[in-house]
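Architecture and fold: a report
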Amino acid sequence: MTRILPDPSFVAALGDLYKLAGRDKEATAQYALVEHIAHLSALNGALYNRQLALFYADHDMKVEDAYASAAKAYEMRRDIYGADAVAWTALKAGKIAEAQAAMQEALRLGTRDAKLYYHAGMIAQAADDKAAASDYLKRALQLNPQFDPLQSAVARRALEQ
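All residue numbers refer to position in the chain's written sequence, counted from 1. For this predicted model, a pLDDT threshold of at least 70 governs which residues receive local features, and a threshold of 80 or more governs which side-chain atom pairs are given and counted, while totals over whole chains, interfaces and linings are taken from all residues. No hydrogens and no water enter the side-chain calculation; it runs on all heavy atoms of the structure.

**A closer look at the nonpolar core**
Joining through side-chain atoms within 4.5 Å is the link that ties buried Ala, Val, Leu, Ile, Met, Phe, Trp, Tyr and Cys residues into a set, and such a set is a nonpolar core. Each residue gets one of three labels from its accessible area relative to the maximum for its type: buried under 20%, exposed over 50%, partly exposed in between, using a 1.4 Å probe on protein chains only. Core analysis: the largest hydrophobic core is formed by 46 residues, its most contacted members being Phe-55, Trp-88, Met-103, Tyr-118, Met-122 and Phe-147. Looking at which element gives the most residues to this core, the answer is helix 5 (residues 80-92), with 8 residues. Ignoring any residue separated from it by four or fewer positions in sequence, one finds Phe-55 in contact with Ala-12, Tyr-31, Val-34 and Met-61. Helix numbers and strand numbers start at the N terminus; a helix is a DSSP run of H or I with at least 4 residues, a strand a run of E with at least 2. Only heavy atoms matter for contacts: two residues are in contact if any of them lie within 4.5 Å across the pair.

What follows is the structure, encoded as C-alpha cells:
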C-alpha cells in the first residue's frame with residue numbers, strides 16, 4: 001500500500017502562519033511535522049529532499065545540513081530549482097560566492113518566480129551589491145507581494161534598508 005505524505009512546503013507554510021499569528025506552540029508542531037515527513041520520505045526511499053533543505057534555510061535551522069542536502073540533491077537533479085536550493089542554502093551557510101554562482105544557474109532561463117527573485121536579491125545584498133539586491137527584491141514583490149508568509153516580509157524589510 002502506497003502512502004501519500006502531505007507536501008512539507010504546505011505544512012511549513014501553515015507553521016509560518018501560526019508563527020505570524022503568535023501561536024508558537026502550533027507553529028512548533030507544524031515545523032516538527034515537516035521534519036517527520038522528511039524522515040518518512042527518506043525511509044520510503046526518497047533520493048533527495050530539496051523541500052527540507054529550503055525549510056531549514058528559510059528558518060535558519062541546520063544550515064550546514066541544508067546546504068549539504070541541497071548540493072547532493074542538485075547532483076542528481078540538475079534543474080533551476082535545484083540550483084536555487086543550493087544558492088539559498090549556501091547563502092545561509094555563509095558561502096556567498098557559491099550562492100552567487102548557483103543563483104546565476106537558477107536564473108539562467110529567465111523564469112519569472114518571486115522566490116527565485118527574492119533569493120537572488122538576498123544573495124546580492126549579502127554580496128554588497130545594493131543595486132542588484134533592490135532590483136531583484138522589487139521584482140519579487142511586484143510579481144507576488146505575498147509569495148511566502150515569512151519571507152515576503154523579510155524582502156520588504158530588506159528593501160527599506
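**Regarding the pattern of salt bridges**
Salt bridge, as used here: a side-chain nitrogen of Lys or Arg that lies within 4 Å of a carboxyl oxygen of Asp or Glu. Per the counting criterion, the structure on display carries 11 salt bridges. For the salt bridge of Lys-62 with Glu-35, the shortest nitrogen-to-oxygen distance reads 2.9 Å. Of this pair, Lys-62 sits in the loop between helix 3 (50-58) and helix 4 (63-76) while Glu-35 is found in helix 2 (residues 24-43), placing the two residues 27 residues apart along the sequence. The salt bridge partner of Asp-148 is Lys-115, with a shortest N-O separation of 3.1 Å. With Asp-148 in the loop between helix 8 (130-143) and helix 9 (151-160) and Lys-115 in helix 7 (residues 114-126), this residue pair connects regions lying 33 residues apart in the sequence.

**Notes on the packing of aromatic side chains**
Aromatic pairing here means that ring centres of Phe, Tyr or Trp (its six-membered ring) are within 6.5 Å. Orientation follows from the plane angle: under 30 degrees is stacked, over 60 is edge-to-face, and everything else is tilted. According to the stated counting rule, one finds 5 aromatic pairs in the structure shown. Their ring planes at 25° and their centres at 6.4 Å tell us that Tyr-117 and Tyr-136 sit as a pair that is stacked. In this pair, Tyr-117 sits in helix 7 while Tyr-136 sits in helix 8, placing the two residues 19 residues apart along the sequence. For Tyr-117, a relative accessible area of 5% gives the class buried. The exposure class of Tyr-136 is partly exposed, given its relative accessible area of 23%. Taking the ring centre of Tyr-117 as reference, the NZ or CZ of Arg-139 above it sits at 4.4 Å. For a ring to carry a charge above it, either NZ of a lysine or CZ of an arginine must fall within 6 Å of the ring centroid while also lying within 35 degrees of the normal to the ring plane.

**Let's talk about the side chain of Ser-152**
With respect to the helices and strands, Ser-152 occurs in helix 9. Each polar contact in these results corresponds to two N or O atoms within 3.5 Å; when the atoms are within protein, one needs to be able to donate a hydrogen and the other to accept it, and residues that are neighboring in sequence are counted only if both atoms are side-chain atoms. Of note is the side chain of Ser-152, whose polar atom sits 2.6 Å from the backbone oxygen of Asp-148. Look past the residues within four positions of Ser-152 in its chain and what remains in contact with it is Leu-141, Pro-145, Gln-146 and Phe-147.

**Concerning the layout of surface pockets**
Throughout, the protein atoms alone are placed on a 1 Å grid, and a set of points is a cavity if a 1.4 Å probe fits but cannot get out or a pocket if it is open with protein on both sides within 12 Å along at least five of seven lines; lining residues have an atom within 4 Å of a point. Grid points are joined across faces, edges and corners, and a volume is the space filled by probe spheres set on the points. The computed volume of the largest pocket comes to approximately 460 Å³. As for the largest pocket, its lining consists of 24 residues, and the residues nearest its centre are Ser-9, Leu-54, Asp-58, Lys-115 and Asp-148. Mapped by element, the contributors of at least two residues to the lining of the largest pocket are helix 1 (8-20), helix 3, helix 5 and helix 7. Here the lining of the largest pocket is built from residues that sort into 12 nonpolar, 4 polar and 8 charged. Residue polarity follows a fixed list, in which Ala, Val, Leu, Ile, Met, Phe, Trp, Tyr, Cys and Pro are nonpolar, Asp, Glu, Lys and Arg are charged, and the others, Gly among them, are polar.

**Thoughts on helix 5**
Along its 13 residues, helix 5 runs 18 Å from first to last C-alpha, staying within 8% of the 18 Å computed at 1.5 Å per residue. Of all 13 residues in helix 5, 11 are buried; the element is thus mostly enclosed. Among the residues of helix 5, those classed as buried are Ile-80, Gly-82, Ala-83, Asp-84, Ala-85, Val-86, Ala-87, Trp-88, Thr-89, Ala-90 and Leu-91. Looking at the buried side of helix 5, the elements it contacts are helix 3, helix 4, helix 6 (96-106), helix 7 and helix 9. Take the residue count of a helix, subtract one, and multiply by 1.5 Å to get its expected span.

**What about unusual backbone geometry?**
Here the phi dihedral of Asp-60 falls at roughly 50°; this positive angle occurs in a residue that is not glycine. In this structure, Asp-60 sits in the loop between helix 3 and helix 4. Within the chain, Asp-128 stands out as a residue other than glycine whose phi angle is a positive 65°. Residue Asp-128 is classed as exposed on the basis of its relative accessible area, which comes to 56%.

**A word on the environment of Ala-27**
Residue position: Ala-27 is located in helix 2. Residues Ala-27 and Val-11 lie 16 residues apart in sequence; the distance between their C-alpha atoms is 9.5 Å. Discounting chain neighbours no more than four positions away, the residues touching Ala-27 are Gly-15, Tyr-18 and Lys-19.

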